[in-house]
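# Coordinate analysis (summary)
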Amino acid sequence: MSFFISVEVMQTDVVIIGAGPVGIFSAFQAGMLGMKSCVIDALEVPGGQCSALYPEKPIYDIPAYPEILAQGLVDNLLQQTSKFAPQYLLSRQVTELSQSKNGFVLKTSTGDVINAKAVIIAAGAGAFGPNRPPLKNLESYEGSSVFYLVSRRDNFKGKKIVIAGGGDSAVDWAISLSSIAKVSVVHRRAKFRAAPASVQKMHELADAGVIDLVTSFQLADLVGSDGQLREVVVSDLDGIRKSIQADILLPFFGLAQNLGPIEKFGLELKGHHIKVDYPHFETNIPGVYAVGDVATYEGKLKLILTGFAEVASALHHAYTRVFDGKALHFEYSTSKGEFKKS
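A few points on the structure. (Residues numbered from 1 in each chain as written. Predicted model: local features only at pLDDT ≥ 70, side-chain atom pairs only at ≥ 80, totals over all residues. Heavy atoms only, no water.)

## A look at the overall build of the protein
Scanning the protein for helices and strands turns up seven helices and 23 strands. On C-alpha atoms alone, the protein measures out to a radius of gyration of 22 Å, which is about the 20 Å that the 2.2 N^0.38 rule sets for 342 residues. Referenced to the eigenvectors of the C-alpha coordinate spread, the extents of the protein come out at roughly 65 × 40 × 35 Å. Counting only residues that meet the buried cut, the protein has 50% of its 342 residues in that class. Within the protein, contacts between residues separated by at least 24 positions form 60% of all contacts whose residues are at least 6 apart in sequence. As displayed, the protein has an accessible area near 16400 Å², and 50% of this comes from carbon and sulfur atoms. Taking the average place of the 33 positive charges on the side chains of the protein and the average place of its 34 negative ones, the gap between the two points comes to 2 Å. (Helix = DSSP H or I, 4+ residues; strand = E, 2+ residues; numbered from the N terminus. Rg over C-alpha atoms; globule rule 2.2 N^0.38 Å. Buried < 20%, exposed > 50% of the residue type's maximum accessible area, 1.4 Å probe, protein only. Contact = heavy atoms within 4.5 Å. Areas by Shrake-Rupley, 256 points an atom, 1.4 Å probe, with all protein chains shown as cover. Lys, Arg positive; Asp, Glu negative; His and termini not counted. Charge placed at Lys NZ, Arg CZ, Asp CG, Glu CD.)

The structure is reproduced here in structure tokens:
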């Protein structure tokens, strides 16, 4: 499996913008339908947030996997897709998208020119970075005591860890790290936004004294020296403060989302998301589709498995465009026999 970073001029059936799990699966689904594909991403390797931000985060809602690490999911998707040999153009952004007589012309930040008949935008959160808490001298602790992702779980073994946040990342990592470290979870309200089953598991661990839940409090200050934390100070709405001993602070307040050059493609946007029509997930530009977290429509669920289903619908709809009006004869994968490379 090779990932290209050289400048390319190429022709393909489908360009996929974004190499996260949904983007990689788009290349697989394209291959299943006999389409050649090219996957473009700004990061150095495929995997999106799963590889760049939390490769060792456990994921619990992938069918047939009671639990799988984020990087494990990416690795499996790459293996599944490799039989169709998609081309990966990495370390670059798509800077221009224009329509042509035969479809679309895309240009990248490294000078590539790609001609395609359809475009799948699977950009996830777009260009992303962590939302940082407004704490004094935060920067002096970043990289030594304050981290916005867990790249290696074992690095935190035996540590006193404060996790701040109420979403899936905060709850999932609290559960995972509690088996190797002393974990406190700080959240400004008693109700958490994570998957109910995970929240229940965290509360069970708290009831057993494994996790310390500090709810109705928020981060107020950091105490330490030379980049090493000793305490995290929290306060409630009445200004009552208390200190939690800590070696590590993990603030999980989501990502600052930015679509970057995609905002200039002429797509209909809603906030930092691309509006699409259900059930084909086509944008206001015919032949351009958006899937995964970047797409929005009534009833949208931001789940990886939702993105996978959106990909299948979008590419089945794009089939006629890619193959110049040819109707798609639908087949289940079990009836296709041996896979054939496009």
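Alright, that's what it looks like, and here's the rest.
## Here's the deal with the nonpolar core
Ranked by internal contacts, the top residues of the largest apolar core, which has 90 residues, are Ile17, Leu106, Ile121, Ile163, Leu177, Leu250 and Ile262. Among all residues touching Leu177, those that are not within four sequence positions of it are Arg153, Phe156, Ile161, Ile163, Val183 and Leu250. In terms of nonpolar packing, the next biggest core, distinct from the first, is built from 18 residues, Leu135, Ala164, Phe217 and Ile244 among them. (Core = buried A, V, L, I, M, F, W, Y, C linked by side-chain atoms within 4.5 Å.)

## Structural notes on the pattern of salt bridges
In the structure shown here, the tally under the stated rule is six salt bridges. Its salt-bridge partner being Lys117, residue Asp324 comes within 3.5 Å of it at the nearest N-O pair. Note that Asp324 is positioned in the loop between α6 (304-322) and α7 (333-336) and Lys117 in the loop between β9 (113-116) and β10 (118-121), a separation of 207 residues in sequence. We note a salt bridge from Lys300 to Glu310, for which the minimum N-O separation is 2.8 Å. Of this pair, Lys300 sits in the loop between β23 (295-296) and α6 while Glu310 sits in helix α6; the two residues are ten residues apart in sequence, bridging distant segments of the chain. Residue classification places Lys300 among the buried positions, given a relative accessible area of 18%. (Salt bridge = Lys/Arg side-chain N within 4 Å of Asp/Glu carboxyl O.)

## Concerning the packing of aromatic side chains
As enumerated under the stated definition, the model contains eight aromatic pairs in all. Taken together, a centroid distance of 5.6 Å and an interplanar angle of 35 degrees make the contact between Phe25 and Phe28 tilted. In this pair, Phe25 and Phe28 are both assigned in helix α1 (residues 21-32), three residues apart and thus about one turn of the helix distant. A relative accessible area of 8% means that Phe28 is categorised as buried. Here Tyr319 and Phe323 contribute two aromatic rings whose centre-to-centre distance is 4.7 Å and whose plane-to-plane angle is 50 degrees, an arrangement assigned as tilted. Residue Tyr319 is classed as buried on the basis of its relative accessible area, which comes to 8%. Owing to a relative accessible area of 26%, Phe323 belongs among the partly exposed residues under this scheme. Feature note: the residues Phe25, Phe28, Phe84 and Phe308 constitute an aromatic cluster, connected by ring pairs. (Phe/Tyr/Trp six-rings, centres within 6.5 Å; stacked < 30°, edge-to-face > 60°.)

## Considerations on the sheet that holds strand β3 (residues 37-40)
Adjacent strands of a sheet form backbone hydrogen bonds with each other and so pair up, either parallel or antiparallel. Overall, parallel pairing links the five strands, which are arranged β6-β3-β2-β10-β22 in an open sheet. Bordering the open sheet on either side are β6 (87-89) and β22 (288-290), each of which pairs with just one other strand. Ignoring strand direction, the axes of neighbouring strands in this sheet form an average angle of 20 degrees. Strand direction decides the pairing type here: β3 and β6, joined by three bridges, are parallel. Bridge pairing links Val39 to Tyr88 in β6. Here α6 sits on the sheet in contact with β2 (14-17), β10 and β22, set at roughly 160 degrees to β10. (Pairing = 2+ DSSP bridges. Axes fitted to C-alpha atoms, helices over the stretch in contact; angles between N-to-C directions.)

## Here's the deal with helix α5 (residues 196-207)
Along its twelve residues, α5 runs 16 Å from first to last C-alpha, staying within 8% of the 16 Å computed at 1.5 Å per residue. Residues of α5 that are buried: Ser198, Val199, Met202, Leu205 and Ala206. For α5, the arc enclosing every buried residue in end-on projection is 120 degrees, short of the 170-degree limit, so these residues lie on one face. Seen from the buried face of α5, the exposed residues on the opposite side, beyond 90 degrees, are Pro196, Ala197, Gln200 and Asp207. Residues of α5 that are buried sit in contact with α4 (168-177), β13 (182-187) and β14 (211-215). With its phi angle positive at about 80 degrees, Gly209 sits one or two positions after the end of α5. (Expected span 1.5 Å × (residues − 1). Arc of directions from axis to C-beta.)

## A few points about the pairing of strand β7 (residues 94-100)
Sheet analysis places β7 next to strand β8 (residues 103-108), joined by six bridges and oriented antiparallel. Within the sheet, the bridge partner assigned to Gln99 lies in β8 and is Phe104. Once β7 ends, the chain turns through two residues before running back antiparallel as β8.

Don't take any of this as a statement about function, it's just geometry.
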